[in-house]
Structure formats: C-alpha cells, structure tokens
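Geometric and topological summary
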Amino acid sequence: MKFRLIHKLTSYLLAGTALATLASSQTASWLSVAVLAAAAILSWFVEPDTRLGRLLDRAVPLLNLATVGLFALAVLQVVRSFPEVDLSPFLDFVLFLLGYKLCQRRGNRDYLQIYILSFLVMLAAAWQATSAVFIVGFFLYVLLATWTLILFHLRREIEENYLVRHTGDASGARVTVTRVLNSRRVVGGPFFLYTGLVATLVFGGAALVFASIPRVGLGFILGGVRRQTGVAGFSDEVKLGMHGVLSLDNQTVILRAQVPRIAALRSDDARDSTIASLYWRGTVYDTYENGEWIRSRDEKTRTHLSLYHSPSNDGRTYVLSSPQAPGPPPGRTAAISGAVEQDMEVVALTHAVVFALDQPVAVEMPPPPPGAFTAVDVEARWSGELGLRVFRVSPFDRNDRRTVMPEFAGARYRAYSRASRLGTDGPEGQLLPEALSPYLRAARSLSPRVRELAVRLTAVQPSAAAKVDAVVKWLRATHRYTTDLKRDASIPDPLEDFLFHQSAGHCEYFASAAAMLLRMGGVPTRYVNGFLGGEWNGLRQSITVRDNRAHSWVEAYLGSSGWVRVDATPAVSRAAHMTRLRQVLDAVEMFWSRWVIEYSASQQLLLARQLSREFGWLQPHFSPRGTHHRASRTQVLAVAAGAVALVVVLALRKLPRRRAVRSGLRRGWRGEPPVFHVYQRALDRLAARGFARRPEETPHEYLARARKQGVASADALARLTECYAEARYGDIEVPSEVVLQLRAEAASIGRDS
Amino acid sequence: MGAMTRLVPAERERTAAELVQRLERNIAQVIRGKPAAIRHAVLALLARGHLLIEDVPGVGKTTLARALALSMGGTFHRIQFTSDLLPSDILGVSVLEPASGQFVFRKGPLFANVVLADEINRTTPRTQSALLEAMNDSQVSLDGYTYRLEPPFMVVATQNSEEHYGTYPLPESQMDRFTLRMRIDYPSAEDEKGLILEAPAVTEDALARLQPALLLSEIISLQDAAARVRISPELAGYIVDVARETRRSPFLALGLSPRGELAWRNVARASALVAGRDYVLPDDLKQLALPALAHRLVLANQLDSTGRVREEAERVVKDVLNRLPVPG
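Residues numbered from 1 in each chain as written. Chains lettered and ligands numbered in written order. Predicted model: local features only at pLDDT ≥ 70, side-chain atom pairs only at ≥ 80, totals over all residues. Heavy atoms only, no water.

Further remarks concern the packing of helix H24 (residues 714-730) of chain A against helix H25 (residues 736-746) of chain A. Residue and element names in this part refer to chain A. Where H24 contacts H25, the two axes come as close as 9 Å, and the packing angle between them is 145°. Pair H24 / H25 crosses with left-handed handedness. On H25, the residues that touch Ala 716, Arg 719, Leu 720 and Cys 723 of H24 are Val 738, Leu 742, Glu 745 and Ala 746. Across the contact of H24 with H25, the residue classes tally to six nonpolar, no polar and two charged. (Axes fitted to C-alpha atoms, helices over the stretch in contact; angles between N-to-C directions. Helix = DSSP H or I, 4+ residues; strand = E, 2+ residues; numbered from the N terminus. Left-handed = near helix turned anticlockwise from the far one by under 90°. Contact = heavy atoms within 4.5 Å. Nonpolar A, V, L, I, M, F, W, Y, C, P; charged D, E, K, R; others polar.)

This is the structure we're talking about:
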C-alpha cells in the first residue's frame, strides 16, 4: 500500500476505534455517533484538491461560526447543569470537531488535531465504560495509536525535512515528497508486526500500572458526571400494552446472582429446572386504573424494615416484615436461618430497586471495603419493595450517608429469601382488613361484566387458595400467551379487551387480570414486576439475568400463609442455558466489572496478597537470630522469569524502534550501510525481471547497460548507483533521508510504467 | 578510515578536476579529436608515472608528448634515440674542470621535468637501460654519486610499433617501468579533413605558441592529491586477484608484477581524481587495465610481430577482467 494511504487508513481507524468504543460505552447519544460516523465516511473521499474539498473550503467560515456557536452552547449547557455537572455537551462538541477535522485533512497539524480529538473521545468512552468491550477498543486504540503516531512522525519528517543533494557542490534542495508519500516501500508488514508488538507491550504495561498504582477512586469523587447507563425492561409504572412487544432480543444483563444452594446442585438438569422457576422479585404495585399499575404509596402498605447493625464490621442486615403479617418481626437469625442466600450484583437497572428471589426475608449490606468511596444501603418502600441506595462515603466521616449517588450499577448485596408456599388456609378473621384495603381496591375503569366474571369464578370456592386456583385455571384455559398484541380501541380498558375480546396477551395481562379478578373475588392481591429464570454460567458458578427475562406476576394474600406468589401466565419455555461463547463473554464482563470498574484499594490488597502467597513474597521470613533465610525455589524462579521477561522486553523494544523509526533503513549483518541493502534490493528486483548484473560488471557498467536496454527508471538507478558506489568504494556515509528517498525511488526501478 | 558525509564538497578534488581540465584543454589546442589520448597522458603524469606512446608514424606521438611537456611548464628535453646513442648522452658525464682540477658532473638531457625519448626502440638496450633507475627512483647514479631528478619527472617515450628493422624491442624490465602504454590512432575522418584544410604550418605554429597551463607546483600538488585518493580494500583485493590470474594464465610467460599492480592503482587514483572523486571506482581500474597492464605481460607463445603481441596481451587482460567478479 502507498505510504500516504497507510497513514490515512491508520488515522481513520484510530478515530473509528475511538468512536466505536464510545458507541459501545453508550456515553454519547446514538445520533451524535451516527452523524459523526457518516461524516467520517464522507470525509474519506474529501481530499483537498477534489471538488468536494473545494466545496468544503468555501464553507469554512460557516463551519468556524458553527464551531464557535456549538462551543458556546456546550458551555451554556454545562453551566446550566451545575451542580450535577454533565459534561456530555462537551463530548458532542468534541465529536463535531472531530468530524470537522476529518473533512479538513490539509496537513500534519490537522492530523495531529484528529489524534488529540480521538484521544478525548477515547477518554470519554473510558469514563463511562462499564463493559469489557472497552478493553478491546482500548487495545485497538493503543495499537493504532502506536502505528499512527510513528507514521505521522515519519510523514512529517519526510514533508518538512526532506533535503537532498545530488552532488557535492549542489545546495540542499527540498524534494517533492509526493513520490515518497506514494511509495509502497516505506513501511511494510515487519513495521506493523514489530510496532504492534511494542503496542502490545505498552498495553500490558498499562494493565500492570493499573493494577499496581494505589487506587484513590477519583471517579467517584467526581460523582454525578457519570450518566445513567442501564436499560431495564420495565419502568416505574406499568402500562398495559406500552411494552406491547417484549424485546426478546434485549440481551442487556440486568443482574448477576450467585446462589450457593443452586451451585451445589449435582445435576445440570436439576439446576436448569430450578433456575427456570426462579422469580426475581423487584417492583410491586398495588393500584390499577385504566390499564396502568401504580403505587398508591399508602403508608399502611409500607414495608417494615428492622436494621441489625454489626458494629464490628459495619455490616447492616435488614429484616423485612409486612405490616399485614401477624406477630412481631422475626429476629435476624430466625429470619435468615434456612433461607436461600443470594449474592446479587446489579449490572444495569434504571430503577434503584432491590431484586431478590421471591420472597425476600432479609437483605444484608456488606460493609464498605477499605478504600471504597461508596456504600450500598436500602430504604423501605411499599408492598415489600425495597429501594436501593448508593451513598458516597465521606473520607472524614464514614457514617455520613447524606450524598446519594445517582449511579448504582455495580452495587452488591446479599439477599435471603424463603419460598412462599400455599399452606393451610387460616380463618379469614386473622386478616387485618384495614391494612389490606389497598390490595382490594378494584379499578373503576372496569365495567361490571368483569365483576360478574370474577364472582362467577370465585363465589363457589371455599377458600382464598381455591379462588386463586380457579382464576388461574380459568385464565390459562381461555387465554393464550402472545407477544403479538392486538387492541380493540372501542374498549377503554386494555384489560377488559384482553379478558373478553383478544383472549391473548403476555404476562402483564395475565397478571393484571388475575389480580383484578381475585380482588373482585375478595382476595387481596398486588402486582409484581421482576424477572423469571436466568442463565447458568458454569464458568463462574452464577446466574445471569438478562433484560429479556422480564416477567410480571401477582402476589395474593392467603391469610396465615401470608403473601403467596401466583403466576397466571401460561408457561413459556425459554432456554436456560447460555452458549459457550456467551458464558465466556459473560464471565469476561463479570471479571471486568469486578477487577476493573470496581477495582478498589481492597481488591488491590487482595491481589497483592494472592500474589505474595503465590510467589512466597512478603512472607515474614525473619529468623530470630538474624541468620539469612535461604531463598525459596519459587522466589528464585520468579526473579529469573522476571529478568528474562525484562531482557525480552528490552530487546523487542530496541529492535522495532530501530526498524520503525529508521523505517527499514536496515544495516547488513556486518553493519553494512543501509544503502547497500537498498541497492541489493533493486538488483534483486531487476534480476527477477531478467536483467541481472553480471559478476564482472561494475555498478556503473551495469547502469550503462541498463540505460542501453531502456530499463524503466534508469535515472533512479543512476542515483542509487552513485550513492551506492560512494558508500561502497568511498566509505562515504549516505544520509538516511537520502537513503529514504532512494528507497522510495528504487521501488519504481524496472517496473513497467 | 572515518566516514565522510557527502554533503561536504571536497574542495581539493574539485580544484584538481579544474586544473586537469585546464591542462587538457591546453593540450587539445594542438592535438585535435584525441581526448582519450590526452587523458591517458595526463593520468600518467598525475600518477607520477611514465608514458609510452606506441603507434604508427605520423599520428602525433611527438606532438602529444611535446604539448604535454609544454603545457605543464617546467623544463623539457627531447632526446632523439638513435642506434649510436650512449647512456652518457642521456645521463650526463663528469668532466675535468681545468680551472679547479676537479671532475664536475655535466647533467645530461635526462635532467628535466619532462623528457621526451623519441623513438626509444631505435637505440640499443644498453642505452635504453640507462633510463631504468631514473624512471623508477627519479635519480641518477653515476661515478659513485647519486643525483636527484627534480620532481615532477616524467619520461614520455614514443616508439613506432610497425617498424621492425633496425629496432631493439624494449626489455621487459624497461617496459614494466612505463605506467601506461597508449596508442593515439588515426584521427577520425572529420578531424583528418580539418587537419588537411588548415595551413600546413599551423600545427607547428600552435605548438610553438603553446603556453604552460599549470605551474609545476600545481602539478606536484595534483600528484599528491592523486596519491591520497582512497582505494577500498575490496578493490585492492581485486587488483591482487587480477595479478594472480595473469600469473596463472597459460597464455602468459610472465604475469603482472607488483610494480605493475602499483602502477595500475596509481593511474586509477589519478583517474578518480580527474573525475572529481576522492575514491577509486572499479570502473577506474577496468578502464585503465589495457593501457596499464597489457604492455607488462610476456606472452608464453612469443610472436614475432609486435602488433600481434600487443593484441594478444590485451586479449588476455580482457579475458581475465571478464572472468573475475567485481567486488561490490
């Protein structure tokens, strides 16, 4: 490839990588990214001397005006967003500048600006990156940046310092660089290989620095700048038909859970079936009206939380109890004994809600690790729902929890759950009708025929449990599951439409219908949003819950059994297994989030301890009498390996640097001048074309013969011969820039034009 | 040898090339159409060597020699070699000074900067040999005294290659002392026509009016510069290879002597200097191989004809050069 083209290509790839990484981190809006991508593609064809280029030149004043305007706008936006500083307008401005510069690639200065802007874009991506995709982008960026900067430097050297003298008495003249820039021989495969190796080493070094530099968590100090990333499957209120088509393709990971009891299962089949029936309970609603579920926020329904604070380690355990349950709340030990333990990790959620297996009985918040700048806590909400809160931990007062972070991805907690079971139905008298009244409220938007239906289904049933059974059976028998929703607009309430006309819907409809019918039949119900099932990742023994597993169900109050889960939706089979690739990707993501995003001082300590255990360092080997401890074999091996690695690194760094910076001005094995190599290459090429230099021929005789035979670019050969002879017989060093030019010229020797 | 950068123009060599050009232009005033012959003559001079001009009569051998001598200034003596010429006629003789009663050395015609030995093969080998020491060591030893010849000292000899009767072919040792043996050849038809059209006395007149183009000191500095021209070890190896090849050749009774190698090197250096270089190219060597080497070789199958001998020797040299790979 031509040198000029290689440089252009690597520059574009650099900008493209930065942009793609930005897109993957979802920091910038899709619109900005798409517009810039389009501009970048267009700009590839905009060369200064083309028609497009000239057109753009005329638009420069306009573009400059737009630049100033956009900058002012960005500043204004940022200032207005104060104190919750949102820097994204600046990012958009940077993206605009990048597009502008890509279209205005006139000289080296523009290229340099493109690099700086792409670096800023990369920085923005790094700021927000929560996915391991970033590491791929980052590696590519380092690789491309190495190439691009070397090529850039080389190009600048060529363009700005290219003086050559053809004869001793001639004055140095600037050489037209077009030929050199168009040469295909300036850089080749070995250049990319060796500099690529260097880039890989740089990358490894960066990772090492990242792991070893003490963490101070500046990112969280600047909290608020990070924007919300997650997209969960449901919003704060449920609107029937709004999420008409459930996105089964939405693979966004919402939660990860490690459930020891499930991990301990022996057979995969048992595990799969168990996981498939896991209900991850999230938001709870009590009021339905006109196709919408909302929270009444009735104080009667507020979740009771009892806090057990462990002063020794600052851990907090919250035990849940519902205001409707009879008796005092259970103690911590009683609550969690025998309950299913889950270590939850929030990956992406739009709403700060604690997710736990149905039914959560206690939530344990781990003590903030040393050096952590955030702590997780919960707050009581309604109907057994718990809010998740992330605080910034003040370095001065660890109990100061006033500053709530808007960011809660990465929050961890441990939940304890106890499966609700249909037990023996107690007497109705044990219910507390007062507390349950919000769960019996029927929607006014429903017409009387719904009540008629409810009465018909439930009136004959002897108990609440039987009523639940009847309603669920009826729903499953008469309605079928679909995500392809139809809606008869003449019926105002979508639920009624579902019940009497469409006879088909998804979980939201089934759950809403069950809740309403049961309420009208006298059974208190509430509507629950969460996730059903998950995917088992054998690599890291955890369950991954993705967005496409969003589900809705109902909880019915059955007296002494308390709130019992009722899922009226017909079973829909879903694959519970991840493919191998997805398992690996998921594991990588988990590793990334644990060891990079949330890499903290405590993890650093952990890592150091692990390493020290691995290699036997940092072990107290002091003997009381001060005798020298004999180095263990692992220590010796480790030091030796380190030394070897260092030597290899140094050797590799030295080799590519010489080759890269001198751009292939190779010396022979015996330290021959580079021009020898160039000359020999030219001879080889000519020989390959059937015009070999005879052994008895001097270089000049060969040149004369070449001229006589009309070999292409004989003038280039003449210059090369001249310089070669000087170096060969006169021991005169040919300046490297001259060699570079000769090399570029030599490419054309013997080539048919 | 330290590497030099070529961006520094070599003042010395440039001047050398100019001086040589001036010299050659001066000579060309009287010898038209023979730049190669003039060049060879100049190279022999710069190599501190001696020149043997060998050709048929009437092509300007003497004119060239005279023109060269005149152009470089300094003293010039012409010795017409005849069969009765004695060494003392060339070297000089010690005579008794009656006034002081002592022997005083009277310098012969050899004591000059340029000595033209015209028709050198017409004298006896005895006299021819009188030149040996002078040509090799630039000195004359006589009656227990050694007399130095003032530099620059150059012998330009001419001989008629086609004449056989009444001539004494130069002995091998004598031949070896000539740095270059050259021919002039007939002028081209064009030049010959021009020659005829000119008034008969013009050439003679021009020769008489020829002014020195250079100072003697300039000639000496040119010779010094030529001696400083670099020859790479590879090319030295090449010279040795060629010499050994001639010694091994079945066509030759006597191959190239070390003196011949040195002479070859010297003219190559002079050639490089004239071309404005301070290093020798293999081309310098190859281009001068025939005039510098052929006359030194003794054919195994000695043919009686001088001309045939010459052609045969040149053929052998060419053959050697075509078989040996050039370094670099």
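Glancing now at the nonpolar core. Judged by nonpolar contacts, the single largest core of 80 residues is most densely connected at Ile 27, Leu 51, Leu 64, Val 156 and Trp 264 of chain B. Leu 22, Leu 36, Ala 40 and Leu 181 of chain A belong to the second-largest nonpolar core, a separate cluster that totals 45 residues. (Core = buried A, V, L, I, M, F, W, Y, C linked by side-chain atoms within 4.5 Å. Buried < 20%, exposed > 50% of the residue type's maximum accessible area, 1.4 Å probe, protein only.)

The next thing to look at is the sheet that holds strand E6 (residues 114-118) of chain B. Residues and elements named next belong to chain B. Taken together, the five strands give an open sheet; going across it, the order is E3-E6-E9-E2-E10, and neighbouring strands pair in parallel fashion. Of all strands in the sheet, those with a lone pairing partner are strand E3 (76-80) and strand E10 (180-182), marking the two edges. Direction aside, neighbouring strands of the sheet carry axes that sit 15° apart on average. Here strand E2 (residues 51-55) pairs with strand E9 (residues 154-160) via five bridges, running parallel. Bridge pairing links Leu 52 to Ala 157 in E9. Set on the sheet, helix H3 (residues 61-71) makes contact with E2, E3, E6, E9 and E10; between it and E9 the angle comes to about 170°. (Pairing = 2+ DSSP bridges.)

Let's shift gears to the packing of aromatic side chains. All names here are of chain A. Under the definition given, this model contains 27 aromatic pairs over all chains. Relative to Tyr 100, the ring of Phe 96 has its centre 6.3 Å away and its plane inclined at 35°; by these criteria the two rings are tilted. Placement of the pair is Phe 96 and Tyr 100 together in helix H5 (residues 88-103), with a separation of four residues, close to one helical turn. The exposure class of Phe 96 is partly exposed, given its relative accessible area of 23%. Of the residues examined, Tyr 100 reaches a relative accessible area of 11% and is grouped as buried. Summarising the aromatic geometry, the rings of Tyr 679 and Tyr 724 are spaced 3.9 Å apart at their centres and angled 10° between planes, so their arrangement reads as stacked. Here the residue Tyr 679 occupies a position in helix H22 (residues 674-688), and Tyr 724 occupies one in helix H24, the gap between them amounting to 45 residues. Accessibility expressed as a relative area gives 1% for Tyr 679, which makes it buried. (Phe/Tyr/Trp six-rings, centres within 6.5 Å; stacked < 30°, edge-to-face > 60°.)

In this section: the pairing of E2 of chain B. Residues and elements named next belong to chain B. A large share of E2 lies buried, amounting to five of its five residues. In E2, alternate side chains face the same way, and those of Leu 51, Ile 53 and Asp 55 on one face and Leu 52 and Glu 54 on the other are all buried. By the bridge criterion, three bridges tie E2 to E10 in an arrangement that is parallel. Pairing of Ile 53 across the sheet is with Met 182, part of E10.

Here we take up the environment of Leu 475 of chain A. All names here are of chain A. Relative to the helices and strands, Leu 475 resides in helix H16 (residues 464-478). Through-space distance from the C-alpha of Leu 475 to that of Pro 570 is 8.6 Å; in sequence the pair is 95 residues apart. With residues near it in sequence (within four places) discarded, Leu 475 still touches Phe 498, Leu 499, Phe 510, Ala 513, Ala 514 and Ala 568.

On to the sheet that holds strand E4 (residues 253-258) of chain A. Across a sheet, strands are paired by hydrogen bonds formed along the backbone, either parallel or antiparallel in direction. Residue and element names in this part refer to chain A. An order of E8-E9-E12-E16-E10-E4-E21-E20 is seen for the eight strands of this open sheet, with the pairing classed as antiparallel. Each of the sheet's edge strands pairs with one partner strand only, and the pair in question is strand E8 (304-310) and strand E20 (535-537). For this sheet the average axis-to-axis angle between neighbouring strands, irrespective of direction, equals 25°. With three bridges joining them, E20 and strand E21 (residues 542-546) adopt antiparallel strand pairing. Looking across to E21, one finds that Trp 536 is bridged to Ile 543.

Here we take up the environment of Gly 291 of chain A. In this fold, Gly 291 of chain A is placed in the loop between strand E6 (287-289) and strand E7 (292-294). With near-sequence residues (within four places) excluded, Gly 291 of chain A lies in contact with Val 238, Lys 239, Leu 240, Asp 493 and Pro 494 of chain A.

All names here are of chain A. One way to put it is that H22 packs onto H24 with a least axis distance of 9 Å and a crossing angle of 135°. Of the possible angle classes, the one that applies to H22 and H24 is oblique. Of the two elements, H22 crosses H24, and the hand of that crossing is left-handed. In this structure, H22 contributes Val 675, Phe 676, Val 678, Tyr 679, Ala 682 and Leu 686 to the contact, and H24 contributes Leu 717, Leu 720, Thr 721, Cys 723, Tyr 724, Ala 727 and Arg 728. The residue inventory of the contact of H22 with H24, partitioned by class, reads eleven nonpolar, one polar and one charged. (Parallel < 35°, antiparallel > 145°, perpendicular 65-115°, else oblique.)

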